[in-house]
Protein chains: 2
Amino acid sequence: MVAEDVDAVLLSIGADLPYFTGYEAMDSERPTILVVRGAGPPLLVIPLLEAPRVGGGDFEVAAWAETDDPYRLIAAAVGGARRIAVGDQTRAANLLAVQSLLPGVTWERASELIARLRVLKEPEEVELLRAAAHAVDRVLARVPDEVEFSGQTEMDLAREFQAMTVEEGHDVASFAIVAGGPNGASPHHEPGDRVIQPGDLVVCDFGGRWQMYSSDVTRTFAVGPPSGRQEEVHGIVHAASQAAREAVRPGTTCEDIDRAARHVIEDAGLGEAFIHRTGHGIGLEVHEHPYMVEGNETPLEPGMTFSIEPGIYLRGSFGVRIEDIVACGADGVDELNQADRSLIVVG
Amino acid sequence: MVAEDVDAVLLSIGADLPYFTGYEAMDSERPTILVVRGAGPPLLVIPLLEAPRVGGGDFEVAAWAETDDPYRLIAAAVGGARRIAVGDQTRAANLLAVQSLLPGVTWERASELIARLRVLKEPEEVELLRAAAHAVDRVLARVPDEVEFSGQTEMDLAREFQAMTVEEGHDVASFAIVAGGPNGASPHHEPGDRVIQPGDLVVCDFGGRWQMYSSDVTRTFAVGPPSGRQEEVHGIVHAASQAAREAVRPGTTCEDIDRAARHVIEDAGLGEAFIHRTGHGIGLEVHEHPYMVEGNETPLEPGMTFSIEPGIYLRGSFGVRIEDIVACGADGVDELNQADRSLIVVG
């Protein structure tokens, strides 16, 4: 805070609050906000009915009853602050209410401050991410023997991936994208009632929470023998993934990782079809800093953990994505996911 | 917008966007924001990789690529606006980024504007809420025969309630609070590894999504024969619930509903143990306007749908809550949940 010339930080929903206090705020219209001040202990402003959820911690607790105004508590707690940083995921309704009580304050995003701490994982954090990655790797290893793609809907398959994610030890399955045939060209496709059929490529992107940390992996399966074009496109994505993983080492910038993958796809003439960045940081949140994207000149450091997930999306036809979580090690890449990256044929 | 003297509205995650457009934004660090302007069609600013998710609609689409600045698109779209309303759940990071590009603008919460529309449900919306309520009623009817409480952990039971919620037709189980014995005194208890035992009261509060609409119901079960004190406290909560439900009719204010329940509990000498409001609106979101809370003088109107959920929380001992969803009908209460409200003894 001193280095950034910030007088107070307000943290609410999302991972910043549990990162610092161990307590995760409920996401609701009732604000829970930790006020971090230059002097004195932090103050957790929390709804009275949720106060019993909080264990101890290096903070004071101000529980507000249903007829109290929590925003006045917060405004009083930051009293005199000129620059206040606010957690990225905080609800706008809360920010607007506090802003109206504190005219003249300069507001900024707390992520500018906090990302620098959270991007560098402790060894124990990397091991939790590795355990989560190995669990989804085990799911992927079960797929060829246990999952019948043909004749099932995307939604059915998404449920199956989520069930296996929990069976392999996650606390909860957070998400599952299953996108078959032409739907695979929509990177964030919502699984629906399209029935998978022979000849489809199916993009499967799923993950869960493992002791507060996240997994996130993608493999693309072929239902029956793939066409030559499908194999070719999958091979390009595979090569892009490999190029990006091999580029990981301390000092390489985030945009260099993006370029390493993108060059392979551009060289194959499909640069226009790779419509997203190459990766995102991962930890307490599925998406967090650092982002592997053009323009991000942040150099990698040991302890950074992130996805490498090149994709090619051919509208009306099919899509391919391969996603792995890696850590930047002292000498190069530390691959947390190790599941087979080849184009696996399923039934 | 004209009535409120607002020049533009920005809507992002949460239910406002699907309410108006049918499209639900993904909750991520990549902003999806609908810009509603006085002149011209609304503009949906959306990440390029998510654009294929959007069907048609009465809006234009501006898809931003990973290296574009979405905030400049938004700022340009609102042009010379002086007053801008922002959806309550919008991430603070997005609001702060737009605010920095638009100095001199007055900002306010869009809920002030939108709640007046969303609180009045169309008959079809009430029927979806009724269908969802009947589905969780069917779960509750199964409990005495199918669920063995004693010897299971809260977490096991929470999973069982969620599975039954889906079995009875919900698209997804959104939440399940199971709070046994002393944990029942924490209204928003996170189910844990405490093993349920004979003599416990167990507060079970769960719900799911049913075609975009929500269910939310609570019953408190007795594991084996309840003590006299447990029966007495349950009876007080039951009477408070009945008083509040009977008070529902057009013209009665929200705070009158709260008072109707609270008086019963205060008259029994336990007012201090009823530590939350009596209810919340429900629809596309589990919690939305109108709130049944002291200070809310909004008169009920036909088509308003909300919970009635008095509770008594005795720290270190036990808790009781009974929650039902009701609609305000033309002549009085329309009870969407109808499951037995008596203290049911389970094994």
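Conventions we followed
Residues numbered from 1 in each chain as written. Chains lettered and ligands numbered in written order. Predicted model: local features only at pLDDT ≥ 70, side-chain atom pairs only at ≥ 80, totals over all residues. Heavy atoms only, no water. Helix = DSSP H or I, 4+ residues; strand = E, 2+ residues; numbered from the N terminus. Buried < 20%, exposed > 50% of the residue type's maximum accessible area, 1.4 Å probe, protein only. Polar contact = N/O pair within 3.5 Å; in protein donor to acceptor, adjacent residues only side chain to side chain. Contact = heavy atoms within 4.5 Å. 1 Å grid on protein atoms, 1.4 Å probe; cavity = no way out; pocket = protein on both sides within 12 Å on 5 of 7 lines; lining within 4 Å. Points joined across faces, edges and corners; volume = space filled by probe spheres on them. Nonpolar A, V, L, I, M, F, W, Y, C, P; charged D, E, K, R; others polar. Buried area = accessible area lost by both parts, 1.4 Å probe. Salt bridge = Lys/Arg side-chain N within 4 Å of Asp/Glu carboxyl O.

A. Layout of the side chain of T220 of chain B. Residue and element names in this part refer to chain B. Within the secondary structure layout, T220 lies in strand β10 (residues 217–223). For T220, a relative accessible area of 2% puts it in the buried group. A distance of 2.8 Å separates a polar side-chain atom of T220 from the backbone oxygen of R321. Leaving out residues up to four positions away in the same chain, T220 has contacts with L201, V202, V203, H234, G319, V320, R321, L343 and I344.

B. Expanded view of the side chain of D258 of chain A. Residues and elements named next belong to chain A. Tracing the backbone through its elements, the reader meets D258 in helix α8 (residues 254–267). Since its relative accessible area comes to 1%, D258 is described here as buried. Every residue in contact with D258, bar those within four places of it in the chain, is listed here: R277, T278, M292, V293 and E294.

C. Fine view of empty space enclosed by the protein. Residues and elements named next belong to chain B. This model, assessed by the stated rule, comprises 1 cavity of 30 Å³ or more. In terms of lining, the largest cavity is formed by S12, I13, M26, D27, S28, R30, P31, T32, R91 and N94. Among the residues making up the lining of the largest cavity, the classes are represented as 3 nonpolar, 4 polar and 3 charged.

D. Seen up close, the layout of surface pockets. The volume enclosed by the second largest pocket comes to roughly 370 Å³. As for the second largest pocket, its lining consists of 15 residues, of which L96, Q99 and S100 of chain A together with Q99 and W107 of chain B are closest to the centre. Mapped onto the lining of the second largest pocket, the elements with two or more residues apiece are α3 (92–101) and β6 (106–109) of chain A together with α3 (92–101) and β6 (106–109) of chain B. Broken down by class, the residue content of the lining of the second largest pocket amounts to 7 nonpolar, 5 polar and 3 charged.

E. Structural detail: the interface of chain A and chain B. Listed by partner, the interface residues are 39 residues for chain A and 39 residues for chain B. For the pairing of chain A and chain B, the buried interface totals around 3500 Å² over both sides, and the portion due to carbon and sulfur atoms is 58%. The largest per-residue losses of area from chain A upon contact with chain B belong to L49, L96 and H188 of chain A, which jointly make up 17% of the total buried on that side. Here chain A is connected to chain B by 4 salt bridges. In this structure, R277 of chain A and E29 of chain B form a salt bridge, with 2.5 Å as the shortest nitrogen-oxygen distance. Taken together, the links from chain A to chain B amount to 18 residue pairs in polar contact (both at pLDDT 80 or more). Elements represented by at least two residues in the side of chain A that touches chain B include exactly α3 and β6 of chain A. Element by element, the count of residues in the side of chain A that touches chain B is highest for α3 of chain A, at 6 residues.

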